[in-house]
Amino acid sequence: MGSLAVATMGLSAAPAMAADEINIYTTREPRLILPILESFTSDTNIKVNTVFVKDGLIERVKTEGEQSPADILMTVDIGNLLDLVEAGVTQPVESKALTEAIPAHLRGEDNQWFSLSMRDRVAYVAADMDDVTELTYEDFADPRWKGKVCIRSGQHPYNTALIAAMIAHNGSEATEQWLKGVKANLGRKAAGGDRDVARDILGGICDVGIANAYYVGRMKNAEPGSDSYKWGEAIKVVRPTFKQSGGTHVNISGAAVAKHSPNKENAVKLLEYLVSDKAQSLYAKANYEYPVKAGVELDPTVASFGELHVDNLPLTEIAKHRKLASELVDKVGFNN
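Residues numbered from 1 in each chain as written. Predicted model: local features only at pLDDT ≥ 70, side-chain atom pairs only at ≥ 80, totals over all residues. Heavy atoms only, no water.

**Quick notes on the overall build of the protein**
No. 1: The number of helices and strands found in the protein is 14 helices and 11 strands.
No. 2: Taken against the 2.2 N^0.38 rule, which gives 20 Å for 336 residues, the C-alpha radius of gyration of the protein at 20 Å falls within 12% of a compact globule.
No. 3: In terms of its C-alpha atoms, the protein occupies a principal-axis envelope of roughly 60 × 45 × 40 Å.
No. 4: A buried classification covers 56% of the 336 residues belonging to the protein. (Helix = DSSP H or I, 4+ residues; strand = E, 2+ residues; numbered from the N terminus. Rg over C-alpha atoms; globule rule 2.2 N^0.38 Å. Buried < 20%, exposed > 50% of the residue type's maximum accessible area, 1.4 Å probe, protein only.)

If you want it as structure tokens, here you go:
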């Protein structure tokens with residue numbers, strides 16, 4: 001039976017190439033996807049070599065050129081995936097299994113990239129606020145929440161993607177005013193991570209915040225009595241929507257087949273496996289992420305958040321506004 005190897009980017013030699021192997025370069029922490037890759041190896045006897053590339057993924061693949069051992073490039077955030085395509089280090093894939101499993105707005109038009117899981121950007125709300133059951137993203141600029149909102153840096157990819165979606169829906173002027181309104185409502189400086197939003201709601205610094213839903217799964221399933229568990233118990237999840245679309249903003253984890261993949265057939269097999277019912281269920285239960293394939297059983301904690309109505313704006317349309325989103329964050333001094 002094949003095995004799974006993990007390396008980190010550095011001066012180590014590139015993974016070996018063989019007919020029964022596949023090499024993944026990933027910016028995701030390998031431990032987050034190891035259960036799924038181990039399942040693939042068990043089912044197919046194809047060995048998976050996983051190289052964790054924290055920074056400089058595009059530069060590394062370009063430097064390696066035609067001799068690159070990379071078969072699959074895996075990352076999070078639509079912007080990062082499109083950067084791979086625009087850098088010319090990916091190739092299109094023809095696969096009925098992939099196009100049938102993944103909705104059109106969650107993959108590239110030319111099938112150069114594919115979403116593997118979704119990460120919905122939601123509201124963390126103080127658990128005792130029984131009257132707050134519905135919110136729009138626009139509501140976070142409402143003076144009702146003055147001094148009561150927590151959020152991480154506006155320049156974090158999770159937030160620039162949300163702001164880009166706001167631009168796509170409402171235009172740049174309205175989004176600039178929205179950012180000013182959210183900034184005016186902050187209970188503390190925009191900083192830290194998503195779990196810090198829950199921590200500060202527990203601490204009474206804020207009543208609501210914007211963060212990713214999957215962190216709630218981790219917190220609510222942490223060791224009882226631990227800080228993480230206490231943070232999770234202090235909040236509930238409300239899935240906001242855009243006023244215009246009625247959908248919730250999602251970002252993604254995803255992958256593409258490398259341009260010079262030496263094991264393309266195996267690479268496509270793995271991508272197809274990652275959107276199978278079995279692997280999508282593992283995504284849902286291991287990482288508390290939301291499956292891209294319809295009808296897959298959710299983790300009970302994720303299911304408790306209620307039905308997810310995904311904003312149907314194509315991710316490529318959102319990504320067009322990333323630069324402007326970043327500029328608006330600086331323009332309004334959001335992080336200051």
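Resuming the write-up.
**Things to note about the packing of aromatic side chains**
No. 1: If you walk through the whole model with that rule in mind, you get three aromatic pairs.
No. 2: Summarising the aromatic geometry, the rings of Phe40 and Tyr273 are spaced 5.3 Å apart at their centres and angled 65 degrees between planes, so their arrangement reads as edge-to-face. Residue Phe40 is found in helix 1 (residues 30–44), and its partner Tyr273 is found in helix 10 (residues 264–274); the two are separated by 233 residues along the sequence.
No. 3: When its relative accessible area of 11% is taken as the criterion, Tyr273 is described as buried.
No. 4: Geometrically, the ring pair formed by Tyr214 and Tyr215 is stacked, given 4.4 Å between the ring centres and 25 degrees between the ring planes.
No. 5: On the accessibility criterion, Tyr214 (4% relative accessible area) is buried.
No. 6: You can call Tyr215 buried: its relative accessible area is 9%.
No. 7: The aromatic ring of Tyr25 is capped on one face by Arg60, whose charged end is 4.8 Å from the ring centroid. (Phe/Tyr/Trp six-rings, centres within 6.5 Å; stacked < 30°, edge-to-face > 60°. Lys NZ or Arg CZ within 6 Å of the ring centre and 35° of its normal.)

**Some points on the nonpolar core**
No. 1: Ile72, Leu73, Tyr124 and Phe334 are the most contacted members of the largest nonpolar core, which totals 107 residues.
No. 2: Per element, the largest residue contribution to this core is eight residues, and it comes from strand 6 (residues 114–126). (Core = buried A, V, L, I, M, F, W, Y, C linked by side-chain atoms within 4.5 Å.)

**Considerations on empty space enclosed by the protein**
No. 1: Inspection of every chain in the model, using the stated rule, returns one cavity of 30 Å³ or more.
No. 2: Considered as a void within the structure, the largest cavity measures approximately 60 Å³ in volume.
No. 3: Looking at the largest cavity, the residues that line it are Ile151, Gly154, Asn159, Leu162, Ile163, Trp178, Leu179, Val182, Ile210 and Phe334.
No. 4: Listed by contribution, the elements that provide at least two residues to the lining of the largest cavity are helix 5 (157–170) and helix 6 (172–185).
No. 5: Classifying every residue of the lining of the largest cavity by side-chain character gives eight nonpolar, two polar and no charged. (1 Å grid on protein atoms, 1.4 Å probe; cavity = no way out; pocket = protein on both sides within 12 Å on 5 of 7 lines; lining within 4 Å. Points joined across faces, edges and corners; volume = space filled by probe spheres on them. Nonpolar A, V, L, I, M, F, W, Y, C, P; charged D, E, K, R; others polar.)

**Points about the state of the cysteines**
No. 1: Applying the stated rule across the entire model yields one disulfide.
No. 2: The disulfide bridge from Cys150 ends at Cys206, spanning 1.8 Å between sulfur atoms. Between Cys150 and Cys206, the S-S torsion sits near 55 degrees, and that sign places the bridge as right-handed. Here Cys150, found in strand 7 (residues 149–150), pairs with Cys206, found in the loop between helix 7 (194–202) and strand 8 (208–212); they are 56 residues apart in sequence, far enough to count as distant. Cys206 matches Cys150 in its accessibility class, with the two residues each being buried. (Disulfide = S-S within 2.5 Å.)

**A closer look at the side chain of Asn111**
No. 1: Mapping Asn111 onto the fold places it in the loop between helix 4 (96–101) and strand 6.
No. 2: By relative accessible area, Asn111 is classed as buried at 8%.
No. 3: Those residues in contact with Asn111 that lie beyond four places of it in its chain are Gln91, Pro92, Val93, Glu94 and Thr99. (Contact = heavy atoms within 4.5 Å.)

**Details of the pattern of salt bridges**
No. 1: Counting across every chain of the model gives 22 salt bridges.
No. 2: In this structure, Glu21 and Lys47 form a salt bridge, with 4.0 Å as the shortest nitrogen-oxygen distance. Remark: Lys47 occurs in strand 3 (residues 47–52) and Glu21 occurs in strand 2 (residues 21–26); sequence separation between them is 26 residues.
No. 3: Note on Glu21: relative accessible area 11%, which makes it buried.
No. 4: Residues Arg60 and Glu64 are paired through a salt bridge, measuring 3.1 Å at the closest nitrogen-oxygen approach. Highlighted residues: Arg60 and Glu64, both in helix 2 (residues 57–64), separated by four residues, approximately one helical turn. (Salt bridge = Lys/Arg side-chain N within 4 Å of Asp/Glu carboxyl O.)

**A word on the environment of Asn251**
No. 1: Its place among the elements puts Asn251 in strand 10 (residues 250–258).
No. 2: Given the relative accessible area of 5%, Asn251 is considered buried.
No. 3: Expressed as a C-alpha distance, the spacing of Asn251 and Gly79, which sit 172 residues apart in the sequence, is 9.4 Å.
No. 4: Setting aside residues no more than four positions away along its own chain, Asn251 makes contact with Asp77, Ile78, Ser117, Met118, Arg119, Pro157 and Ala161.

**Observations regarding the confidence of the model for the protein**
No. 1: Residues at a pLDDT of 70 or more form 94% of the protein, whose mean pLDDT is 92.
No. 2: Low confidence marks residues 6–18, where pLDDT is under 50. Its contacts with residues over four positions away, or in another chain, come to 26 contacts. (pLDDT = per-residue confidence, 0-100.)

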